[in-house]
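# Summary of the model geometry
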Amino acid sequence: MRRIRVGFTCLLVLAAAAACTSMGAEPWERDVLAKEQMQLVTDPVEAAIDDHIYFSKEASSGGRGFGGGGCGCN
Amino acid sequence: MAAAARQTSPSVTRRQDHWCGDFVAMASPCQILSKSDRATARKQLEQAAAEAGRVEAKYSRYRRGNIVDRINSANGSPVLLDEETANLIDFAATLHRLSDGRFDITSGVLREVWIFDGSDRVPEEGQVRAVLERVGWPKAVWESPVLTLAPGMQIDFGGIGKEYAVDRAAALAASLSDAPCLVNFGGDIAAVGAVSGGPWRVGIEALGAGSGEAFKRIRLQQGGLATSGDARRFLLKNGVRYSHLLNPQTGWPVVDAPRSVTVAAHTCTQAGMLSTLAMLMGADAEEFLERQGVRSWCIR
Amino acid sequence: MSAKNTGNIAQGLAAATCSLLGTAATLPVLAQEQPEWEFDTALLYYGEDGGRVQDLSLNLLARRLFADDRILSVGLAVDSLTGATPSGAVPQDELQTFTRPSGESTYQVAAGEMPLDDTFLDTRYALTASWRQPLGRDYAGTAGLSFSTEYDYTHVGANFALSRDFNKRNTTVSLGLALARDELDPEGGAPLPLGFMSDVRDLSERGGTENKDVVDLLLGVTQAVNENLLVQLNYSLSDGTGYLNDPYKILSVVDPLSGDAILRTPAPGAAGPLHQYRFESRPDKRTKHSLFGQGKYFMGGKVLDMSYRYMTDDWGIDSHTLETKLNLPLGDTSYIEPHLRFYTQSEADFYRASLVDGEPLPQFASADYRLGSFDAITAGLKYGWRTSSGKDFAVRLEYYRQDGEIPTHQLIGSHDQSSLYPDLDAVILNFSFGFGM
């Protein structure tokens, strides 16, 4: 049941993506989106550090990207 | 989604460290970025928009009754030009000579047989040759301030007009304030004013890359920046891509031109000329730019 | 018709332009591309209270931008870990003795104290490398390798990603795959699942090295909604097989009525535990599904970042993560960024605070607090600035707290909710420095 729910959510996502054809900004309107602070990951080192901390202390990992390199963190 | 429509009372909005004003002119989204105070930025915007409108009205080939229309419908009769137009014709003549004929403001009539709509309708040799009869700056008689074109010939300021307007608008902005100011008419840019604070960050759309890292980021503090590209106008037949840049001496498109050339020079006019000439050099674009000793970025 | 025929026309052009515009351009052209090399470094201090884990780490990331948007990234991280970590055993009203993982000696925990194993003084080295380049007009590909090593653990991994742009680059769809092979070489060998903790130098219930394989799949969509809003939605699937246990975690075996650990006598002449403890046992397979969404919204200079992640796996763990950051510029060159993160997870099906003596042994059991049910909150503030020469500095201070809850039916006898779960209080202090060349 859970698998069906997850699968359906994926389809919704893809459908939403297909519907997004009119959304967005023209290339000359992308000055804000090109700013450093608007990148999805502004500081990759900080993101890697946080990912590693939470991977060691919690049961979940990743989501944004891959869960990072494994470690024998205790 | 195009930029805001022409406004009767233009206004500037605050970005983090500068004022920004938008308008549309010469079929392009235009903007003025100014680090001056709000009132001055508004004046700079008004004057830039007015100048862009004036240059467009005067030199667009689509307007009835302007100087370009009169020259193009003279049908062999001499036309007396005003000082500004005479200067532009002088400039075009010099460019024709400096570029060994590659830059030619009479080449516009070739658009009668070349329609770049992404289709595969490439004209035949015979059609091109027929139109080529009416192309060639040497066929015109230019004795400043009188210009006489042969019947059937047309001039087109499309290759100079926008960059010229940028430099004129930038000069007007600089006369109003010393603070840094950037004029951007659809990608043709000039940065004037004091060199203080951080540089302007200009992004060049890097074709063919993933999102996010897509821009080549150039830090511009002083000078002009112009980009020539063939991204959207081309013909594709039998796997051969015909770029919209036509060689005025053969009547056929330039082969192996880069997808995009961006040049930084003292003025936007110079940058525009160099980027256009580089594209016209086709495969030798990079070599040409190196010889000119300018900063440039080619994307193939 | 070649460039060789055309000499330097720049001078002629400059003169012609001067005549046209009526000005002499004497000012130099100042236009420069973004630097080729970018270096990011960070020094991190992570410290839990109560004598628990402290970590000092140094991180370096070097990125080199090549022509045509090709990027090489190389990263190095060195972590130095000290301090103790909860072993999974429950506190008792009397002294407890445990055999160290090495099997060479014992350590003791006073009455009433949370049993912490302080064996972990270790340094971990990690190396990553990746290459990204455009593939044709709309595609971009990335390939990377990762490697890490510590005294009892080695990781080797490879990752690949492909992305395609649509709608004038307003939409990007990505597909990613990561493969990892980890090798564990625990001190004293991997213990047998649910085997008893034995006396010093008794390695009868110990194995050798173990392996773990992880495959991660990621499918994502990034969409620019308008000039000011960017959103991302990712679905990931993670499949781990092999040795998924923590070789150092144990469970106390307790009396069903009193909740006290069952007594044990070491062999004559040997040192060893005075109570019964068993090593944990987890399934040898774990499948995780995650759904992650993030939005970045530009509000006239301020940037709001919000993200949510839902994770569910076949161990019965469900988690929700809600995170938000607000980047507030201060003048032209600095900013502060408050950060808030909420996390909650439900316990694994086989999580238990302790094993009950006399009951049949379950197939899987673990008292590792990281598989338990808890809420966590992170609150922090970051302050950053850029110098006139273009160097970036930042300082970040954060507080992380975990509050766990043991299911009431697992509280046996004298077990007390407040003292049983090893709640966590940690401080994160981070200095960053970045520059380009």
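Placed above this text is the structure.
Reference entry: report on the structure contained in this document.

Conventions we followed
- Residues numbered from 1 in each chain as written.
- Chains lettered and ligands numbered in written order.
- Predicted model: local features only at pLDDT ≥ 70, side-chain atom pairs only at ≥ 80, totals over all residues.
- Pairing = 2+ DSSP bridges.
- Helix = DSSP H or I, 4+ residues; strand = E, 2+ residues; numbered from the N terminus.
- Contact = placed C-beta atoms within 7 Å.
- Nonpolar A, V, L, I, M, F, W, Y, C, P; charged D, E, K, R; others polar.
- Buried ≥ 20, exposed ≤ 12 C-beta atoms within 10 Å, placed from the backbone.
- Expected span 1.5 Å × (residues − 1).
- Arc of directions from axis to C-beta.
- Core = buried A, V, L, I, M, F, W, Y, C linked by C-beta atoms within 7 Å.
- Axes fitted to C-alpha atoms, helices over the stretch in contact; angles between N-to-C directions.
- Left-handed = near helix turned anticlockwise from the far one by under 90°.

### What about the sheet that holds strand β4 (residues 79-80) of chain B?
- If you trace the 3 strands from one edge of the open sheet to the other, you get β4-β6-β5 (chain B), paired in antiparallel fashion. Every interior strand has two partners, whereas the edge strands, β4 and β5 (141-143) of chain B, have only one.

### Here's the deal with the interface of chain A and chain C
- With 40 residues of chain A in contact, the opposing surface of chain C contributes 74 residues.
- Here the side of chain A that touches chain C takes 7 residues from helix α2 (residues 44-57) of chain A, the largest share from any one element.
- Of the residues that constitute the side of chain A that touches chain C, the class distribution is 20 nonpolar, 12 polar and 8 charged.

### A word on the pairing of strand β11 (residues 153-166) of chain C
Residue and element names in this part refer to chain C.
- Alternating positions in β11 separate cleanly, Y153, H155, G157, N159, A161, S163 and D165 being buried on one face and T154, V156, A158, F160, L162, R164 and F166 remaining unburied on the opposite face.
- Across 12 bridges, the pairing between strand β10 (residues 139-150) and β11 is antiparallel. Pairing of F147 across the sheet is with V156, part of β11.
- The loop that links β10 with its antiparallel partner β11 comprises 2 residues.
- Here 14 bridges tie β11 to strand β12 (residues 171-184), and the two strands are oriented antiparallel to one another. Paired with R164 across the strands is V173, a residue of β12.

### Examining the pairing of strand β20 (residues 334-345) of chain C
All names here are of chain C.
- Direction of pairing for strand β19 (residues 318-330) relative to β20: antiparallel, over a ladder of 10 bridges. Among the inter-strand pairings, L328 is bridged to a residue of β20, identified as I336.
- Two successive antiparallel strands, β19 and β20, enclose a turn made up of 3 residues, where G331 displays a positive phi of approximately 70°.
- Here β20 pairs with strand β22 (residues 373-386) via 12 bridges, running antiparallel. Bridge pairing in β22 places Q345 opposite F374.

### Thoughts on helix α1 (residues 38-59) of chain B
Residues and elements named next belong to chain B.
- In this model α1 runs 31 Å from its N-terminal to its C-terminal C-alpha over 22 residues, within 8% of the 32 Å that 1.5 Å per residue would give.
- A41, Q44, L45, A48, A49, E51, A52, V55, E56 and Y59 are the residues of α1 that are buried. On an axial view of α1, the arc spanned by its buried residues comes to 165°, and they lie on one face. Facing away from the buried side of α1 by more than 90 degrees, the exposed set consists of A39 and A57.
- At its buried positions, α1 is contacted by β2 (19-25), β3 (28-34), α2 (67-72), α5 (161-176) and β7 (181-185).

### Side note on the nonpolar core
- By size, the foremost hydrophobic cluster in this structure holds 87 residues, and its most contacted members are V183, I189, V263 and A278 of chain B.
- Ranked by residue count, the leading element in this core is helix α6 (residues 268-280) of chain B, at 8 residues.
- Apart from residues lying up to four places away in sequence, A278 of chain B is in contact with V261, V263, A285, F288, L289 and S296 of chain B.
- Of all hydrophobic cores here, the second largest spans 19 residues; its members include V90, F98, L355 and Y369 of chain C.

### Topic: the packing of α6 of chain B against helix α7 (residues 285-292) of chain B
Residue and element names in this part refer to chain B.
- The interhelical angle for the contact between α6 and α7, taken along N-to-C directions, is 145°, at an axis separation of 8 Å. Both α6 and α7 take part in a crossing whose hand is right-handed. Residue-level inspection shows L274, L277, A278 and M279 of α6 in contact with α7, the latter providing A285, F288, L289 and Q292.
- Split by residue class, the contact of α6 with α7 holds 7 nonpolar, 1 polar and no charged.

### Some points on the environment of L219 of chain C
All names here are of chain C.
- Structurally, the position occupied by L219 is in strand β13 (residues 210-226).
- The exposure class assigned to L219 is partly exposed, which follows from the 16 C-beta atoms found within 10 Å.
- The spatial distance from the C-alpha of L219 to the C-alpha of L177 is 9.1 Å, given a sequence separation of 42 residues.
- When sequence neighbours within four positions are dropped, the list of residues in contact with L219 reads L175, N234 and Y235.

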